[in-house]
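Spelled out, the chains give:
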Amino acid sequence: MWDDAFPSFLIGLREGLEGGLIVSILVATLVRAGAKSRLPQVWTGVLAAIALAMSFGAVLTFTAASLSATAQEAFGGALSVVAVAFVTAMVFWMRRSARGLSGEIKEKVTGALGMGAGVLILTSFLAVGREGLETALFLWTTARAAGESVGPLTGAGSGLVLAAGLCWGLYRRVLKINLTKFFTATGAVLIVIAAGVLGYGLRDLQEGGALPGKAAYAVDLGGSVDAGAWYSTLVQGVLNLTPTMTWLQVIGYAGYLAVVMTLFVRGVRTTKPAPAASAASATEASGAARAEQRAPASGGRRTRPAWVVPVAVVAVPAVVAGLVVALGRPKPAGARTVAVSETECGKGFTAPRPGRQTFQMRNTGSKTSEVYLIDPATNAVYGEIEGLAPGTTRDLVATVAGGSYAWRCVPTGGTAVTSKTVRVGGGAGATAVVPVSEQDLATPLREYQRYVERGLATLVAQTGRLNADIQGCDLAAARTDWLTAHRTYSSLGAAYGTFEDFDRKINGRPDGLPGGVDDRGFTGFHRIEYGLWHGQSADRLKAPAQQLAADAAGLLKAFPTQAFDPGDLPLRAHEILENTLQFELTGQADQGSGTELATADANLAGTRELLSVLEPLLTSRAPHLLPTVDADTARLRGLLDAAHHGNAWTPVNRLDALTRARLDGATGQLLEDLAPVPDLLEIRKSA
């Protein structure tokens, strides 16, 4: 989380220290002027500024949430560019003003004392409010760039707490910090971070269609740099540099960094200390005291309670933000509950406005129902709820754009009911999934079954040779033939759920068995592996080898009659590599051979075979998915090939930390690529 937290920590520390210094100077000036009674006015302005900053952050968040996906990209990109502009101005202003800040603030306070409470509140509000708005905007953009809010908020909170502690120490004169050097050093780091935020913002604007060139890549290191490794995560989190960047991102990043850093360094070299304002210091306390004495008395007028002004000033920004959020968000379609039942679907449904919508779906019938928001012309699904029980209400969130929409309800054991069609005008960015039926998966299923039958026939021959090796006491040949046969079985991973008890007999591990590796229930490949690589004699392995050959033959015979659920195919596309990451790449499955990476390679081949039979369905629904998968598959295969030397494979526990991290990262990235497959090819009920 530190990689995402560091930029926010730095901005929290800098902005917190700026705002804290201003508050400290305000308070110190009043205390030294003998005007402690005016301190509540300062704190009122400070609290109002904090409330304004938090309200501004809320408005940004809810405004973005109500936009379409494309509009969100453009909105976030534009605000990223604005944030960079604010941060750049702040860096230069603080570098220039750090020495004379105290005198400037004291002068404003002295003037405000003679002009009433409202002016002092306004002075503190304006002094702190700018830092608050800048902080809110920058935190919002960094959280969006990180894709999560915990790290940035943690970093910002830590920075603000540290800044508060430093300001208290400075106020008490316990700490002595060269503020000019501090703001110069942090300013240089912030310029580098801001360059990354600018690059990220430009990319968002390209994704949102506001700028061209989103496919014109200047840098594409996805095949050679591990995006999941710690160093990649650190660079991306702190600097917003990614393995793949467009020309516009690179030019914006490099141009900003070159120009702004040059001006900043040149300014540091030429800045001279500001002359000490000795006269002002000498007369400050007496002038402030006189201003306090000149402040008009209330006379006989009725005074308002002391709490009214602070509460009003702090509450107004929050109320305004709430009104902006409430009135600015599209009216949800769920303002009236959309009812579903066995006989009526979508009662109360009216045409929603474009954008992200939350529909409240209530089952008023007596049967559990599947509920889909569809395009009635194509049956494409925009959102769904599975198993909506009678009498319950659940939210369905979907992005709505221009087009036709209707509800389809499929009660358990009943007939599908479709609502009336409504038309939505304007808007863009909605994504629908074309539904898949069992009939659509019938052809891929037959093709994969034929692949498995061929693989099982090969497996029977290979386990037969392995058995012959062990019966003939040729354990060296048995080790070679064991790996060949085990790789064949591992390439059939999508059918494991169909193999029933045969999988446990053929490929079971000793985990959980009462006797461990000596348990009589420990059979199959891993039992023989344990014996071959732990010095057991051929006599001890003859029975397990005979049983493995018999089980392989039994599986080949039984497979044509075993039930193979078509819905298993999309699920297995993801699960094969999940098991690889959990067992092979951690070494948990190894029983002594050190060939976990060979098994991982076979699992990868099996996954690619499965995707080949699903290719027609995936290409029509997600044209860019398989090219991405192919690129990341090639990357993972290259890493595995690097660990393959002739007939030997490097054991996982002998890999260096960097290679293991790259393997884990490449497998994790491929898993992310494959994550949409189950949803894209899920069998959805239509009747």
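Residues numbered from 1 in each chain as written. Predicted model: local features only at pLDDT ≥ 70, side-chain atom pairs only at ≥ 80, totals over all residues. Heavy atoms only, no water.

Caption draft 1: Molecular detail of the pairing of strand S9 (residues 403-411). Burial runs high along S9: 9 of the 9 residues are buried. By the alternation rule, side chains of S9 split into Gly403, Tyr405, Trp407, Cys409 and Pro411 and Ser404, Ala406, Arg408 and Val410, which are all buried. As defined by bridge partners, strand S6 (residues 369-375) adjoins S9 across 6 bridges and the pair is classed as antiparallel. By the bridge assignment for S9, isoleucine 374 is matched with alanine 406. Looking at chain direction, S9 and strand S11 (residues 422-424) are connected through 3 bridges and run antiparallel. Counted as the bridge partner of tyrosine 405 is valine 422 from S11. Relative to strand S10 (residues 417-418), S9 runs antiparallel, the two being bridged by 2 bridges. Residue cysteine 409 lies in a different strand from S10, and its bridge partner there is valine 417. (Buried < 20%, exposed > 50% of the residue type's maximum accessible area, 1.4 Å probe, protein only. Helix = DSSP H or I, 4+ residues; strand = E, 2+ residues; numbered from the N terminus. Pairing = 2+ DSSP bridges.)

Caption draft 2: Molecular detail of the state of the cysteines. For the structure shown, the criterion picks out 1 disulfide. The disulfide partner of cysteine 345 is cysteine 409, and the S-S distance across this bridge is 1.9 Å. When the S-S torsion is 70°, as for the bridge of cysteine 345 with cysteine 409, the disulfide is right-handed. In this pair, cysteine 345 is assigned in strand S4 (residues 345-347) and cysteine 409 in strand S9, connecting sequence segments 64 residues apart. (Disulfide = S-S within 2.5 Å.)

Caption draft 3: Inspection of empty space enclosed by the protein at higher detail. If you walk through the whole model with that rule in mind, you get 3 cavities of 30 Å³ or more. Here the largest cavity is characterised by a volume of approximately 60 Å³. At the level of elements, helix H13 (475-490), helix H15 (525-532) and helix H18 (596-621) are the ones that each hand at least two residues to the lining of the largest cavity. Looking at the lining of the largest cavity, its residues break down into 2 nonpolar, 5 polar and 4 charged. (1 Å grid on protein atoms, 1.4 Å probe; cavity = no way out; pocket = protein on both sides within 12 Å on 5 of 7 lines; lining within 4 Å. Points joined across faces, edges and corners; volume = space filled by probe spheres on them. Nonpolar A, V, L, I, M, F, W, Y, C, P; charged D, E, K, R; others polar.)

Caption draft 4: Focus on the nonpolar core. Counting residues in hydrophobic clusters, the biggest one holds 69 residues, and the most contacted among them are Tyr448, Phe499 and Leu597. Per-element tally for this core: the top contributor is H18, with 10 residues. The residues touching tyrosine 448, leaving out its near neighbours within four places in the chain, are Ser491, Leu492, Gly493, Ala494, Ala495, Phe564, Leu569, Leu610 and Val613. Phe349, Phe359, Trp407 and Val424 belong to the second largest nonpolar core, which has 21 residues in total. (Core = buried A, V, L, I, M, F, W, Y, C linked by side-chain atoms within 4.5 Å. Contact = heavy atoms within 4.5 Å.)

Caption draft 5: Highlighting the sheet that holds strand S3 (residues 338-340). Spatially, 4 strands are ordered S4-S3-S5-S8 in an open sheet, and the strand pairing comes out mixed. Lying at the two open borders of the sheet, with one neighbouring strand each, are S4 and strand S8 (393-400). Neighbour to neighbour, the strand axes of the sheet diverge by 35° on average, direction disregarded. In the sheet, strand S5 (residues 355-363) pairs with S8 via 8 bridges, with the strands oriented antiparallel. By the bridge assignment for S8, glutamine 357 is matched with alanine 398. (Axes fitted to C-alpha atoms, helices over the stretch in contact; angles between N-to-C directions.)

Caption draft 6: Region of the structure containing a nonpolar patch on the surface. A cluster of nonpolar side chains, contributed by Leu47, Ile50 and Met54, occupies part of the molecular surface with about 310 Å² of accessible area. Turning to its location among the elements, methionine 54 is positioned in helix H2 (residues 39-65). The class for methionine 54 is exposed, based on a relative accessible area of 61%. (Patch = residues over 30% accessible without salt bridge, like charges linked within 9 Å, V, L, I, M, F, W, Y side chains within 5 Å. Areas by Shrake-Rupley, 256 points an atom, 1.4 Å probe, with all protein chains shown as cover. Salt bridge = Lys/Arg side-chain N within 4 Å of Asp/Glu carboxyl O.)

Caption draft 7: A look at the environment of leucine 639. Inspection of the secondary structure puts leucine 639 in helix H19 (residues 625-641). Looking at leucine 639, the relative accessible area reads 17%, which means it is buried. Separated by 24 residues in the primary sequence, leucine 639 and leucine 663 have C-alpha atoms spaced 6.6 Å apart. Among residues more than four places away in sequence, those in contact with leucine 639 are Arg662, Leu663 and Ala666.

Caption draft 8: Seen up close, the packing of aromatic side chains. Under the definition given, this model contains 12 aromatic pairs. Ring geometry for phenylalanine 349 and phenylalanine 359: centres 6.3 Å apart, planes at 70°, overall edge-to-face. Highlighted residues: phenylalanine 349 in the loop between S4 and S5 and phenylalanine 359 in strand S5, separated in sequence by 10 residues. The exposure class assigned to phenylalanine 349 is buried, which follows from its relative accessible area of 3%. Residue class for phenylalanine 359 comes out buried when judged on its relative accessible area of 0%. The interplanar angle of 80° and the centroid separation of 6.5 Å between the aromatic rings of phenylalanine 559 and phenylalanine 564 together place this pair among those described as edge-to-face. Taking relative accessible area as the criterion, phenylalanine 559 reaches 3% and is therefore assigned buried. Under the relative-accessibility criterion, phenylalanine 564 is labelled buried at 9%. The rings of Tyr448, Tyr451, Trp482, Tyr489, Phe499, Phe525, Trp533, Phe559 and Phe564 are connected pair by pair, giving a single aromatic cluster. Sitting above the plane of the phenylalanine 502 ring, lysine 505 keeps its charged end 5.6 Å from the centroid. The ring centre of phenylalanine 583 lies 4.0 Å from the NZ or CZ of arginine 509, which sits over that ring. (Phe/Tyr/Trp six-rings, centres within 6.5 Å; stacked < 30°, edge-to-face > 60°. Lys NZ or Arg CZ within 6 Å of the ring centre and 35° of its normal.)

Caption draft 9: Highlighting the packing of helix H17 (residues 568-584) against helix H20 (residues 657-674). Running from N to C, H17 and H20 cross one another at 160°; their axes reach a closest spacing of 9 Å. With respect to H20, the axis of H17 lies roughly antiparallel. Viewed along their axes, H17 and H20 form a crossing whose handedness is left-handed. Every residue of H20 that contacts H17 at Ala573, His574, Leu577, Glu578 and Leu581 is listed here: Asp664, Thr667, Leu670, Leu671 and Leu674. In terms of residue class, the contact of H17 with H20 is built from 6 nonpolar, 2 polar and 2 charged. (Parallel < 35°, antiparallel > 145°, perpendicular 65-115°, else oblique. Left-handed = near helix turned anticlockwise from the far one by under 90°.)

Caption draft 10: Region of interest: the confidence of the model for the chain. The pLDDT averaged across the chain works out to 77; a share of 68% of its residues lies at or above 70. Confidence drops under pLDDT 50 across residues 274-302; counting only partners more than four residues distant or on other chains, this segment forms 21 contacts. In the predicted structure, residues 324-335 sits below a pLDDT of 50 and forms 24 contacts with residues beyond four places in sequence or in another chain. (pLDDT = per-residue confidence, 0-100.)

Caption draft 11: View of the pairing of S5. The pairing of S3 with S5 spans 3 bridges and is parallel. If you follow alanine 339 over to S5, its bridge partner there is arginine 362.

Caption draft 12: Representation of the packing of H13 against H18 within the structure. The N-to-C vectors of H13 and H18 enclose an angle of 35°; their axes lie 8 Å apart at closest approach. Crossing angle aside, the handedness with which H13 passes H18 is right-handed. Contact residues: H13 offers Leu483, His486, Arg487 and Ser490, while H18 offers Ala598, Thr599, Asp601, Ala602 and Asn603. For the contact of H13 with H18, the residue count by class is 3 nonpolar, 4 polar and 2 charged.

Caption draft 13: Spotlight on the side chain of asparagine 507. Structurally, asparagine 507 is set in helix H14 (residues 501-507). Side chain to side chain, asparagine 507 and histidine 486 meet in a polar contact 3.1 Å long. Contacts of asparagine 507, omitting those with residues within four sequence positions, involve His486, Tyr489, Tyr496, Phe525 and His526. (Polar contact = N/O pair within 3.5 Å; in protein donor to acceptor, adjacent residues only side chain to side chain.)

Caption draft 14: Summary view of helix H12 (residues 438-471). For H12, built from 34 residues, the straight-helix expectation of 50 Å at 1.5 Å per residue is met to within 8% by its first-to-last C-alpha distance of 46 Å. At proline 444, H12 is deflected by roughly 25°, the largest bend along its length. Cysteine 473 sits one or two residues past H12 and shows a positive phi near 65°. (Expected span 1.5 Å × (residues − 1). Bend = angle between axes of the 7 residues up to and from the residue.)

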